[in-house]
Amino acid sequence: MGTLSPPVSRSVIARVLRRYRAGRVLEAQPVAEGLLNRGYRVTTSTGGYFLKCYVEQATATRAAITAQHRATGALHARGLPTPPPLADRAGRTVVDCAGRRFALYPWVTGNHLTGAELGLSQCAELGALLARLHGALTQVCAPVVQPLALPTADPHRTTVLIGELTGLVRRRRPYDAFDRLAERRLAERAELLAAHRHRRPAPVAVGPSGWVHGDFHGLNLLYREGRVAAVLDWDRLRVRPRGEEVVRAATLIFNDRVGGELDLARVRRYARAYRQAAGAPAAELAAAVHRVWWERLNDFWMLQWRYQRADPRADPLFPAAAAQTAWWCQEYEQVLDAFTN
């Protein structure tokens, strides 16, 4: 989506910036792009800014963007590291130009850190920060009606999908090293699913839901002097089981970049700090661990992008993600213990 869309021209960037009291554009450089939207580091006569171009249709509506801006502004007012968007000359935070939507932010200086670069105390601080964000979102967003049940992945449908993807992989030409890995992991996953299909979580086995960031991971966190300076990219702000965000974030932050294994010592400090700050019982995290594990066991979105959509942008993520799922099946009890004790 973001990287498949045309770049924003220098003239359009200049037109957007003229809507703000931001001075004259001196330089505009694309930042490292994610999969969904486009971003530019813009230097003007008044300073540095981040210009975001919204691309993904599901999150690029004016209503969705405005809701995100309202929430991050309210969180920022409560002292949380969520940079709010700037208002244009008319007082609006969403600008339409050349058929696209934009928002302008102050440039935040910082750097991304992997989970392995975080000390144990920083892991605890991160867990406590996520708890604070969840608590504050409850105060600044609309009230949530707790769902009585949430569906879980159907292993029968997954088995059918595995067969479809395997056929696409085998017919691929040229058939390369990635395709060999994909075929091997698909066969492995079919065996794991057959062994664990009786462990499908019941739809009612779900923890408390609330507003969550929706994509909390290392590339959406900026650190400065060892502390989180900014939580970025609130496009996926939504209502979901809070514990599942805690677990999902840990699998993305504290994973080995090659083998996918989780650093369970760091996970334990992070999860314990979250539970203490949020007042979340161990049972809530236990249910979340099981549901996230099950969804990962049934999930093939990276291969679906490659083989069904001819979109290879997620290919670099697949080896570690697939390895993590297999490892998690072997170490299920150890992972559960790290999140709950």
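Look a little higher up for the structure.
Predicted model only: the values in this text are computed from it and were never measured. (Residues numbered from 1 in each chain as written. Predicted model: local features only at pLDDT ≥ 70, side-chain atom pairs only at ≥ 80, totals over all residues. Heavy atoms only, no water.)

A. Focus on the sheet that holds strand β1 (residues 25–30). In space, the five strands of this open sheet follow the order β1-β2-β3-β5-β4, with antiparallel pairing throughout. Each end of this open sheet is capped by a strand with a single partner; those strands are β1 and β4 (95–97). Ignoring strand direction, the axes of neighbouring strands in this sheet form an average angle of 30°. Pairing of β4 with strand β5 (residues 100–106), which is carried by three bridges, proceeds in the antiparallel orientation. In the strand pairing of β5, D96 is matched with R101. Lying on the sheet, helix α1 (residues 10–17) is in contact with β1, β2 (38–44), β3 (47–54), β4 and β5; it crosses β1 at an angle near 120°. Strands in contact with helix α2 (residues 62–77) are β3, β4 and β5; relative to β5, the strand with the most contacts, it is inclined by about 10°. (Pairing = 2+ DSSP bridges. Helix = DSSP H or I, 4+ residues; strand = E, 2+ residues; numbered from the N terminus. Axes fitted to C-alpha atoms, helices over the stretch in contact; angles between N-to-C directions. Contact = heavy atoms within 4.5 Å.)

B. A look at the packing of aromatic side chains. With the rule as written, the count across this model stands at seven aromatic pairs. Arranged with centres 5.3 Å apart and planes meeting at 70°, the rings of W293 and Y332 form a pair that is edge-to-face. Placement of W293 in helix α8 (residues 282–297) and of Y332 in helix α11 (residues 332–340) is noted, with a sequence separation of 39 residues between them. For the pair W293 and Y332, one class covers both residues: buried. Linked through ring pairs, F50, Y105 and W107 together constitute an aromatic cluster. Here R199 stacks its cationic end above the ring of Y332, 4.3 Å away from the centre of that ring. The ring of W305 has R309 sitting right over it, with the charged end atom 4.4 Å from the ring centre. (Phe/Tyr/Trp six-rings, centres within 6.5 Å; stacked < 30°, edge-to-face > 60°. Buried < 20%, exposed > 50% of the residue type's maximum accessible area, 1.4 Å probe, protein only. Lys NZ or Arg CZ within 6 Å of the ring centre and 35° of its normal.)

C. The pairing of strand β7 (residues 221–224), seen in detail. In this sheet, strand β8 (residues 227–231) lies alongside β7 in antiparallel orientation, the contact comprising four bridges. By the bridge assignment for β8, R224 is matched with R227. Hairpin connection of β7 to β8: two residues between the antiparallel strands, including E225 at a positive phi of 55°.

D. Up close: helix α4 (residues 155–170). If you check α4, its first and last C-alpha atoms are 22 Å apart, about what 16 residues at 1.5 Å a residue would give, namely 22 Å. Buried residues of α4: P155, T158, L161, I162, L165, T166, G167 and V169, and no others. Here the buried face of α4 lies against α5 (177–196), α8 and α9 (301–308). A distance of 2.9 Å separates the backbone nitrogen of H156 from a side-chain oxygen at the start of α4, and that oxygen is part of D154. (Expected span 1.5 Å × (residues − 1). Polar contact = N/O pair within 3.5 Å; in protein donor to acceptor, adjacent residues only side chain to side chain.)

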